[in-house]
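Examination of the molecular architecture
Below are the chains, spelled out letter by letter.
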Amino acid sequence: MKKINYIIISVLFSLLFIVLYLSLGNEKIYNTQDLVGKKISEVEINLFQSNETFNTKELTNNEFTILNFWASWCGPCRKEHPNLVRLSKIKNLKLIGVNFKDEKDNARNFLRENGNPFDILAEDKNGKNSVNFGVYGIPETILIDSKLKILKKYIGPLNINDVNEIRKIVKK
Amino acid sequence: MKSIIKALILFLLIFSESYGDENLSNEILKNLRCLVCQGQTVHDSNSDFALTIKSVVKDKIKEGNNEREIYTFLSEKYGDWILLNPPLKKNSFLLWFLPYLLFFLGIIFLFFLIKKPKIRP
């Protein structure tokens, strides 16, 4: 009988050890890895300069598209802007800027000061539409292909390494 | 008098409906993780992200979506990380069944521990 008890205790401790060991390797912060490979929603977004809307379905016409969520009040957006300007020079890549919870005048001034890298400028006044793209803060950037499939999602400001990575992906 | 009763019924109907929606909304928000907070639910947080999600959940309820549909929508957009009750999948199998397995093994262990050896004459 003692033998059975030892076996059960050993099994229990082994299981506990395995679970704790495996959970050591798990990241406890949100990451977007699960979203890569999924398609973005086909939704209507309001255009910044007019009262018209734009459907993300239209992005199937582009070989590659970048959706960048930004605002004039966001410091990191200012930091990443030169990198967006760099990306705007890539021919088979279209840039869609979604101005997030911002004042129009401030956004216009921001683009006047820093340049406008966007092929299409849209806006999301209350941030609700951005939920359709899984955005939870800005800046966020989503790289998609012509099938609207997410190739990469960047949280936080794009740096020069990200620009090089995007260049590599779209050149393939 | 009749018009007063009608108005009262109408008021109660509207009130009960909005109260029901509010309850459902709270129930859902308590099961959502605030992605920008430390260990808080969307319900408990007043962060910008939580406020947006609260508003989106209310809209979805108004549109007629049920609880499961709202969870599915949000997990499609943010992954299962947003759900405090992760769904049963290949990678969460252990998480769901390990407590039951440990419980079962514990019972066997206790059974053998408590069981007294039979005294043979």
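As a reminder, the structure under discussion sits directly above these lines.
Okay, so let's go over this structure. A quick note: this is a predicted structure, and the numbers were derived from the prediction, not measured.

What to know about the overall build of chain B
On a plain count of helices and strands, chain B comes out with 4 helices and 0 strands. Counting helices and strands in the order they occur from the N terminus, chain B gives α-α-α-α. In chain B, which comprises 121 residues, the share counted as buried stands at 16%. Contacts in chain B between residues far apart in sequence, at least 24 positions, make up 39% of those at least 6 positions apart.

Structural notes on the interface of chain A and chain B
A common way to express how large an interface is: the accessible area buried when the components associate. The interface is formed by 18 residues belonging to chain A together with 19 residues belonging to chain B. Elements with a minimum of two residues in the side of chain A that touches chain B: α1 (2-24) and α4 (128-131) of chain A. Broken down by element, the side of chain A that touches chain B gets its largest block of residues, 7 residues, from α1 of chain A. Partitioned by chemical class, the residues of the side of chain A that touches chain B number 11 nonpolar, 5 polar and 2 charged.

Some remarks on unusual backbone geometry
Residues and elements named next belong to chain A. Backbone torsion omega between I138 and P139 reads 0 degrees, so that peptide bond is classified as cis. Along the chain, P139 turns up in the loop between α4 and β6 (140-145). The residue K101 is not glycine, and still its phi comes out positive at about 45 degrees. Here K101 shows up in the loop between β4 (93-100) and α3 (104-114). A residue is classified by how many C-beta atoms lie within 10 Å of it, and K101, with 18 of them, is partly exposed. Look at L148: it is not a glycine, yet its phi comes out positive at around 65 degrees. Secondary-structure assignment places L148 in the loop between β6 and β7 (150-155). With 17 C-beta atoms packed within 10 Å, L148 lands in the partly exposed category.

Here's the deal with helix α4 (residues 93-114) of chain B
Taking 1.5 Å of rise per residue, 22 residues should cover 32 Å, and α4 of chain B covers 32 Å from first to last C-alpha, within 8% of that figure. Burial of α4 of chain B is sparse: only 0 of the 22 residues sit out of reach of the surface.

Let's talk about the environment of E52 of chain A
All names here are of chain A. Looking at the secondary structure, you find E52 in the loop between β1 (44-47) and β2 (53-55). Given 8 C-beta atoms within 10 Å, E52 falls into the exposed group. Sequence separation between E52 and A122 is 70 residues; the distance between their C-alpha atoms is 9.7 Å.

Focus: the nonpolar core
I66, L67, L95, I96 and V98 of chain A together with L32 and I53 of chain B are the most contacted members of the largest nonpolar core, which totals 45 residues. When contributions to this core are tallied by element, the ones reaching two or more residues are β3 (64-70), α2 (75-87), β4 and β6 of chain A together with α1 (2-30), α2 (48-62) and α3 (67-78) of chain B.

Describing the pairing of β3 of chain A
Residue and element names in this part refer to chain A. The element β3 is extensively covered by neighbouring structure, given that 7 of its 7 residues are classed as buried. Covered by surrounding structure in β3 are F64, I66, N68 and W70 together with T65, L67 and F69, the residues of both alternating faces. Bridging between β3 and β4 involves 7 bridges; their strand directions are parallel. Paired with N68 across the strands is G97, a residue of β4. In the classification by handedness, the crossover that spans β3, the intervening α2 and the parallel β4 is right-handed. The pairing of β3 with β6 spans 6 bridges and is antiparallel. In the strand pairing of β6, F64 is matched with D145.

Details of the pairing of β4 of chain A
All names here are of chain A. Counting buried residues in β4 gives 7 out of 8 residues, a clear majority hidden from the surface. Two strands pair when backbone bridges link them, and β4 and strand β5 (residues 120-124) are joined in this way by 5 bridges, in the parallel orientation. Looking at the pairing, V98 lines up with A122 of β5. Read from β4 through α3 to β5, the crossover connection turns out right-handed.

Observations concerning the sheet that holds β2 of chain A
All names here are of chain A. Spatially, the 7 strands line up as an open sheet ordered β2-β1-β5-β4-β3-β6-β7, and their pairing is mixed. Pairing within the sheet leaves two strands with one partner each, and these edge strands are β2 and β7. The average angle at which neighbouring strand axes cross in this sheet is 30 degrees, direction not considered.

Rules used throughout
The residue count restarts for each chain, going from 1 along the sequence in the order it is written. Here every chain gets a letter starting at A, and every ligand a number starting at 1, in the order they are written. Totals for whole chains, interfaces and linings use all residues, but because this is a predicted model, local features are given only for residues with pLDDT of at least 70 and pairs of side-chain atoms are given and counted only at 80 or more. Secondary structure elements follow DSSP: runs of H or I no shorter than four residues count as helices, runs of E no shorter than two count as strands, and numbering proceeds from the N terminus. In this scheme the burial state of a residue depends on its C-beta neighbours within 10 Å: 20 or more other such atoms mean buried, 12 or fewer mean exposed, and anything in between means partly exposed; the C-beta positions come from the backbone. Contact between two residues is assigned when their C-beta atoms, built from the backbone, lie within 7 Å. For this scheme, ten residues count as nonpolar: Ala, Val, Leu, Ile, Met, Phe, Trp, Tyr, Cys and Pro. Four count as charged, namely Asp, Glu, Lys and Arg, and the remainder, Gly too, count as polar. How far a helix is expected to stretch is found by multiplying one less than its residue total by 1.5 Å. Any nonpolar core is a set of buried residues, restricted to Ala, Val, Leu, Ile, Met, Phe, Trp, Tyr and Cys, that join up through C-beta atoms within 7 Å. In this description, strands pair whenever DSSP reports at least two bridges between them. Whether a crossover is right-handed comes down to one check: with the strands pointing away from the viewer, does the path from the first strand over the helix to the second run clockwise; if it does, it is right-handed. Angles here are taken between N-to-C directions and fall from 0 to 180 degrees, while the axes themselves are lines fitted to C-alpha atoms, restricted in helices to the stretch in contact.

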